[in-house]
Amino acid sequence: WPWSGGYRPSMKTLQELFPQIHSGSCISAVDLIRGIGHYAGLDVVKVPGATGLSDTNYEGKAQAAIDALRHQDFVFLHLEASDEAGHDGDLELKLRTIDYLDRRIVKPIFEEVSTWNEPVCIAVLPDHPTPVEIRTHVKEPVPFLIWYRGIEPDNVQTYDEVSCVEGAYGMLHLNEFMETFMSIE
């Protein structure tokens, strides 16, 4: 039985919004995110064993992102595990999935692309907070980091909602993050 009636969304592709993007991929286990990626003009990459939960294929997703970056301008890699742990109210699992993200996704991608002789810019950020205390999404600012060879680091030493606001980028609103990210050279 259909969940609800729908319609084809009308939205510009990333290539139309940011002409410097000629090609890109979306890597996610979540149908909604894959659909948004498709409408954004990205190739949808399905990774075997990607579940959207804490047992997802982290290494496969990291490798898929590395492979896509070898021949495309933009890669959106989405992980759902810590969000689901927040919905479950499971603090231990949420902390573990954040550690997995760091060790099994960010580290191998960073180690690989930092050896390349071509420019690569990486951003790490959640799409929204899901505190374990209330087990649902909240409309609060999210921390982010941007790495690009040559960017001068600021003084922020901790990746969290409070510390990141004190960083060089401060608080970005709505489209400001993507506009800032896409303007880095």
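Residues numbered from 1 in each chain as written. Predicted model: local features only at pLDDT ≥ 70, side-chain atom pairs only at ≥ 80, totals over all residues. Heavy atoms only, no water.

A. Main features of the nonpolar core. Core analysis: the largest hydrophobic core is formed by 17 residues, its most contacted members being Ile-109, Val-113, Trp-116 and Ile-122. When contributions to this core are tallied by element, the ones reaching two or more residues are helix H3 (58-71), helix H5 (91-113) and strand E4 (121-124). Top element by residues in this core is H3. It accounts for six residues. By size, the runner-up hydrophobic cluster in this structure holds 16 residues, among which are Ile-33, Ile-146, Met-182 and Ile-184. (Core = buried A, V, L, I, M, F, W, Y, C linked by side-chain atoms within 4.5 Å. Buried < 20%, exposed > 50% of the residue type's maximum accessible area, 1.4 Å probe, protein only. Helix = DSSP H or I, 4+ residues; strand = E, 2+ residues; numbered from the N terminus.)

B. Structural context of the side chain of Thr-97. In this fold, Thr-97 is placed in helix H5. A distance of 2.8 Å separates a polar atom in the side chain of Thr-97 from the backbone oxygen of Lys-94. Aside from chain neighbours lying at most four places away, what touches Thr-97 is Ser-54, Tyr-58, Ala-81 and Ser-82. (Polar contact = N/O pair within 3.5 Å; in protein donor to acceptor, adjacent residues only side chain to side chain. Contact = heavy atoms within 4.5 Å.)

C. Representation of the sheet that holds strand E1 (residues 24-27) in the model. Ordered in space as E2-E1-E3, the three strands form an open sheet in which the pairing is parallel. With partners counted over all chains shown, the strands left at the sheet margins are strand E2 (43-45) and strand E3 (74-77), one partner each. This sheet shows a mean twist of 20° between the axes of neighbouring strands, independent of strand direction. Examined bridge by bridge, E1 and E2 share three bridges and lie parallel to one another. What sits directly across from Ile-27, in E2, is Val-45. (Pairing = 2+ DSSP bridges. Axes fitted to C-alpha atoms, helices over the stretch in contact; angles between N-to-C directions.)

Geometric descriptors of this kind do not, in isolation, establish any biological role.
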